[in-house]
Structure formats: structure tokens, C-alpha cells
Amino acid sequence: MRPKPFQVFFLLLSCAKDINAHTWVEQLSVIAPNGTFVGAPGYPRGNVLRTASDFSDTTMTFLIPPSSRANVTLVLPSDKLCKDTQQERTQTAGSPRLQANAGDAVALRYQENGHVTLPWNQPGKPANRGTVYVYGTTKPKVGEKILDVHGVWNSDGTGGDGRGVLLSKQNFDDGRCYQINSGNISQARQQEYPHQANQLMGADMWCQQDIKLPSTAPTSKLYTLYWVWDWPTLPGVDPTYPHGKTEIYTTCMDVDVMASTSQKIGNTREEGYVTGQDLNKAAIPSEFDNLDDVPVATGTTVHPSSQPSSAIPYAPESASTLYLTSTEVVRVITVTAWKTTEKTVTVGGCEAIPTGTPIPRGSKRLKRKDWMA
Ligand SMILES: *[C@@H]1O[C@H](CO)[C@@H](O)[C@H](O)[C@H]1NC(C)=O
Ligand SMILES: *[C@@H]1O[C@H](CO)[C@@H](O)[C@H](O)[C@H]1NC(C)=O
Ligand SMILES: *[C@@H]1O[C@H](CO)[C@@H](O)[C@H](O)[C@H]1NC(C)=O
């Protein structure tokens, strides 16, 4: 079902809603060797499209620890990794799985919802806007626990119970993404990364995490991806959270690994990213150029040194040494000007105008008629 223009119009203009919204993986796309998205997109388990009548952010966001937990830094061994609607490997009508070949590059796209362009809305958050992780497994579990996977599975497949691997870790801020608002970060990025507004993104530019499916992923099977956005509040900044706050969002999804490799779309990258291409369907070059081929975990090697973490109580001593609050950047360096908290900024509703910083003149705001058609 195609969204009606007025629905897109509403989504685009409802920036007050966007500011409060949180984030999930909305779409997956195979990336061709030249950096262009190809083929039909795929969707997470149990997806609810933004255009669905029963859609609200809470139909897709999954927060760990839950907001009902009194201790805001406590993650329990019983905490599930996937939202209830994403426990099983099932799709909803109109939101099929991504079909890809083993070894394909895949973009996971999500909206920044102001977390990149209006960073002053949440004091104490890391400059990279948190870290996003993608874990892969051929042996997912219903009832998978976050502490058995996150910070445990590694790129060698030797972490924890050895059922899965860490495929990717990068900054939430991919250096390009923005939503349309009057804040100076959005304004600068609108100039730097212009694109034709489309029905999916409107005039916004979604963020992405580019990964590579293992070239040894078994064909004619599902390969499961767990996306984890680790977005802690550091202690001692926001008086509401003197000891900081753990805030993690996840999306669980599967990919149909196709038997046929005749397509060969993403298996080679000799062409390289074509510069100057349409940013509506293009990978992030710094990510795309650095994709690693991670082996598939066998699930048979359990190293004695890495016990299942459900046996280890989650007990942070100080938030700066806790892995969940790590802001380190491992593999991908995106060139970006991250903004830390700016106390000089006033934010109200859709307005986010740093005091004393005029909105750049002649900024290329897309006209409504350009994307209403
Ligand atoms: C990249 O390759 C794909 C698949 O061959 C093609 O559809 C697309 O037009 C190419 N993109 C560019 C920018 O040349
Ligand atoms: C945005 O404004 C803040 C506060 O005035 C400033 O520190 C920062 O450099 C600006 N960033 C951009 C991208 O213009
Ligand atoms: C909250 O949980 C953390 C992590 O287990 C623990 O260190 C801390 O003492 C707890 N705080 C309270 C007030 O119980």
C-alpha cells in the first residue's frame, strides 16, 4: 500500500513528534558493488509500517531496561533482546524479509529522530549519539537474552555460547543523516547532503548502518540480525540521572539467504562506491569501503573464558568503564562534526535555533510540490 500524500505530509511536518520518537531499523536493502541500493527492500520481524492505521512509535521501539524499572542502570539476565512482537521469525503482510545472497552488503536504515540533529534535547548522551551494533546468527533463540549477546558475541564467533558473531559496530550518527528542523546541524547537513525528497523519507535523510552478510552464510536458510543501539546517559551530567542511565533499543530481523548466486550483486566490490550518486539509495562510503567478511559462528566452540553472561550479574562500578556506555569507535570512521550539549540553545516544539546563530540564507529546503506528486 502506498502512503497517501497527506500522510507523508503529516509525517514530514510532525517534527514535534519526531523529537520525542525513538528509533528502530525501518528498512533493509541490498547494496550493489557501486554503492547503490538494489532490489526490493526488506523489513524487521513483526513490522508495523508508519503508514499503517495502528502504527505508533511504541509498536516498533523496544527499550532495555524497560521504563518501569526503578533502577535506570540495571539490565537483568532475564531481559529479552527482542520485542515481544519480534520473538518469532515472522513477517507481517506488506513487510517481507530481505532477500540477499551470502556475502552481500546490506544497509540497515533508521531515523535519527532528532538524536543527531538536536543533541541538546538529551543532556549527557555520548557525542557519537550512541553506538549501534549488529549481531548475526544462524541459530537464534525465541526468548534470546540481551546479556547473552550484547557485549558478548564477537567478530570471531568465539564469544559467549558461540552461536553468533558481531558483524558491525559504529556510531549511531553516520555523519550524513538528518531530519528537517531549524537547528544548525540539520541546516548544515541539508546543504551538504541534498537529495530529492521522496515518499519514504520525505525531505529527511535516514541514517544507515552498512554491514556484510557472511559469505559463508548457509543458503536457502534464514540469517538473523540483531540491531542494538546502546545510548547511555553518562553520570553526573543530567541531575535527573546522577548515576547515569542505561538506554538500549533493539530491532530483530531476518534475511532470506538465497540459493542462487547468479545475481552476484553484492559479492564483489571492485567497482567501488560511485561518487555523486542519488543519496536516496546510496550506501555511506566510509562504511561501505570497510566491510569485513566475518565468519559464521559454529555454535560448537564455547571458550572456557567466556561464560554465558546470564550467569554474570550486570553490575557496573562506574559508567565510564562499563561496556554499555562505551563510546569508542572501532572500525568505521565517519567524518562528522558531532555536537555535544549546548546550553546556549533553546528548544521548543519544532524550534531549535541556537541563540546567536542565524539560519543560513538560501538553504535548499525542498518545496512541498517536489514530493507531493
Ligand atoms: C549501480 O549498479 C546497479 C546494479 O547494477 C545499477 O542499477 C545502478 O544504476 C548503479 N548505480 C550507479 C550510480 O551507477
Ligand atoms: C551549531 O551551533 C553550535 C552552538 O552555537 C556550535 O557550537 C556548532 O559548531 C554549530 N554546528 C554547526 C554544524 O553549525
Ligand atoms: C542499580 O543497579 C546497579 C547495577 O546492578 C547497582 O550497582 C546499583 O546499586 C543499583 N542501584 C540501586 C539504587 O539499587
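Since we're looking at a predicted model, the values are computed, not measured. (Residues numbered from 1 in each chain as written. Chains lettered and ligands numbered in written order. Predicted model: local features only at pLDDT ≥ 70, side-chain atom pairs only at ≥ 80, totals over all residues.)

## Regarding the pairing of strand S10 (residues 248-257)
So, point 1. Taken across its ten residues, S10 has nine buried, putting it largely inside the fold.
So, point 2. Sheet topology places strand S3 (residues 63-64) next to S10; two bridges connect them, and they run antiparallel. Among the inter-strand pairings, Ile64 is bridged to a residue of S10, identified as Ile248.
So, point 3. The pairing of strand S4 (residues 98-100) with S10 spans three bridges and is parallel. (Buried ≥ 20, exposed ≤ 12 C-beta atoms within 10 Å, placed from the backbone. Helix = DSSP H or I, 4+ residues; strand = E, 2+ residues; numbered from the N terminus. Pairing = 2+ DSSP bridges.)

## A few points about unusual backbone geometry
With glycine set apart, most residues show a phi of negative sign, and most peptide bonds adopt trans.
So, point 1. Note that the residue after Ile64, namely Pro65, is joined by a cis bond; omega there is -10°.
So, point 2. Here Pro65 is to be found in the loop between S3 and S4.
So, point 3. You will see that Asn113, though not glycine, has its phi angle at about 50°, which is positive.
So, point 4. Within the fold, Asn113 resides in the loop between strand S5 (105-110) and strand S6 (131-137).
So, point 5. A tally of 23 C-beta atoms within 10 Å means that Asn113 is categorised as buried.
So, point 6. For Arg129, which is not a glycine, the phi torsion comes out positive at approximately 65°.
So, point 7. Along the chain, Arg129 falls in the loop between S5 and S6.
So, point 8. With 26 C-beta atoms counted inside 10 Å, the residue Arg129 sits in the buried group.

## Examining the sheet that holds S5
Sheets are built from strands paired through backbone hydrogen bonds, the pairs being either parallel or antiparallel.
So, point 1. Spatial ordering of the open sheet is given by S2-S1-S5-S8, a layout of four strands whose pairing is antiparallel. With partners counted over all chains shown, the strands left at the sheet margins are strand S2 (37-42) and strand S8 (207-212), one partner each. On average, adjacent strands in this sheet sit at an angle of 25° to one another, irrespective of strand direction.
So, point 2. Bridge analysis of strand S1 (residues 25-31) against S5 gives six bridges, and the strand direction is antiparallel. For Gln27, the partnering residue across the bridge sits in S5 and is Arg109. (Axes fitted to C-alpha atoms, helices over the stretch in contact; angles between N-to-C directions.)

## Section: the environment of His243
So, point 1. Structurally, His243 can be placed in the loop between strand S9 (221-230) and S10.
So, point 2. Judged by the 14 C-beta atoms lying within 10 Å of it, His243 is partly exposed.
So, point 3. In this structure the C-alpha to C-alpha distance between His243 and Asn71, which are 172 residues apart in sequence, comes to 10.0 Å.
So, point 4. If we skip the residues at most four places from it in the chain, His243 touches Thr73 and Pro235. (Contact = placed C-beta atoms within 7 Å.)

## Side note on the environment of Val142
So, point 1. Structurally, Val142 can be placed in the loop between S6 and helix H3 (146-149).
So, point 2. Among the residues examined, Val142 registers 9 C-beta atoms within 10 Å and is labelled exposed.
So, point 3. When the C-alpha atoms of Val142 and Leu81 are compared, they prove to be 9.6 Å apart, with 61 residues separating the residues in sequence.
So, point 4. Val142 has contacts with Gln87 and Glu88, leaving out every residue within four places of it along the chain.

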